[in-house]
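Listed below, chain by chain, are the residues.
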Amino acid sequence: MSSTKLTISTLSGKLLHVSAISTNPLINDYCNKMAALDGTTCSICYARRYLSTFRKNAVPAYTRNTKILLTGKLTEDNFKKNSFFVGQHVRFLAYGELVNATMFKNFCKIAEMHPYITATMWTKRLDIVEPLIQEVPENMRLIYSTLMIDPPEDVATTIPEGFTGVFNVYSNEYAVKHGVDINCSGSCATCLKCYTQDNIVVRELIKQKLGNENRRYTDVKTRQDVMPLE
Ligand code: SF4
């Protein structure tokens, strides 16, 4: 009997060089807890909003990914043949956040199993990652997402040990008042800074509109053809 397959999301056409492995933040206790706190980036999380509205159809696949990554050890059987290609950039946790050490180790395993890709993970969970930092393979990059909107400069510019960068989110008001240099367009496929550069401090504005489709998260379309049939 074959194992349940992970759902890999990809861009189409000339942007095919970026793909993503997402999980479901709506069933993640950490996400739910932080989303309830005012002033956190989780409280304005695009992934949660999209999965609750016009991207509801991705919930089953991302829930399945969560379950696969939380249980047991991954094998080749969890991947459709040719899931990735040489030189591909893969975003870990385009939607969702780490749940525990098992999930993190499984993401490390995915990078190890596919040494010809470059994987980049965004996470706030230093409590999970830092004790396991020695296990991160060479082709896996870590971007620390700061928790609060409008972080003070010392927080915004501190890159944790073993990470390649830090990602911050600002309100329009704060950015104008403090002259924040916004350097994230939200269109990863044409930017790739987080996927290719080291020691980066990234600053993004809160998106004002729900459903700004030509942006970071929604650039990535879930490929139904790699979804497992149960
Ligand atoms: S648009 Fe560029 S800077 Fe912003 S998250 Fe994507 S790769 Fe990083």
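In what follows, the structure referred to is the one given above.
Being a predicted model, the structure only gives us computed values, none of them experimental.

Enquirer: Tell me about the nonpolar core, and please be specific about residues and values.
Expert: In terms of nonpolar packing, the biggest core is built from 43 residues, with Phe92, Phe107, Ala119, Met121, Leu142 and Ile143 touching the most fellow members. Contributing elements (two or more residues each) for this core: β2 (18-21), α2 (46-52), α3 (59-70), β3 (89-92), α4 (101-113), β4 (118-123), β5 (140-145) and β6 (165-170). Here this core gets five residues from one element, more than from any other, and that element is α4. For Phe92, the contacting residues outside a window of four places in its chain are Ile21, Phe107, Ala119, Thr120 and Met121.

Enquirer: Describe in detail the environment of Val129, supporting the description with residues and values.
Expert: Position of Val129 relative to the elements: it lies in helix α5 (residues 126-129). Exposure remark for Val129: the 23 C-beta atoms within 10 Å place this residue in the buried category. Taking C-alpha positions, Val129 is 7.2 Å from Phe104, a pair spaced 25 residues apart along the chain. In this view, Val129 contacts Phe104, Thr123 and Leu142; residues no more than four positions away in its chain are not counted.

Enquirer: Provide a residue-level description of the pairing of β4, including the pertinent values.
Expert: For β4, the tally of buried residues reaches five of six residues, placing the bulk of the element in the interior. Where β3 meets β4, four bridges bridge the pair, whose relative direction is parallel. Each residue of the ladder has a partner; that of Phe92, found in β4, is Met121. The β-α-β motif built from β3, the intervening α4 and the parallel element β4 has right-handed crossover chirality.

Enquirer: Please provide a residue-by-residue account of the site of the ligand, values included.
Expert: Looking at the ligand, there are twelve residues lining it, with Cys184, Cys188, Cys191, Lys193 and Cys194 nearest. Among the elements of the structure, α8 (188-191) and α9 (193-196) are those that each provide at least two residues to the shell around the ligand. A total of three residues in the shell around the ligand trace back to one element, the largest contributor, which is α9. Broken down by class, the residue content of the shell around the ligand amounts to seven nonpolar, three polar and two charged.

Criteria and cut-off values
- Residues numbered from 1 in each chain as written.
- Predicted model: local features only at pLDDT ≥ 70, side-chain atom pairs only at ≥ 80, totals over all residues.
- Core = buried A, V, L, I, M, F, W, Y, C linked by C-beta atoms within 7 Å.
- Buried ≥ 20, exposed ≤ 12 C-beta atoms within 10 Å, placed from the backbone.
- Helix = DSSP H or I, 4+ residues; strand = E, 2+ residues; numbered from the N terminus.
- Contact = placed C-beta atoms within 7 Å.
- Pairing = 2+ DSSP bridges.
- Right-handed = clockwise from strand over helix to strand, strands pointing away.
- Near = placed C-beta within 6 Å.
- Nonpolar A, V, L, I, M, F, W, Y, C, P; charged D, E, K, R; others polar.

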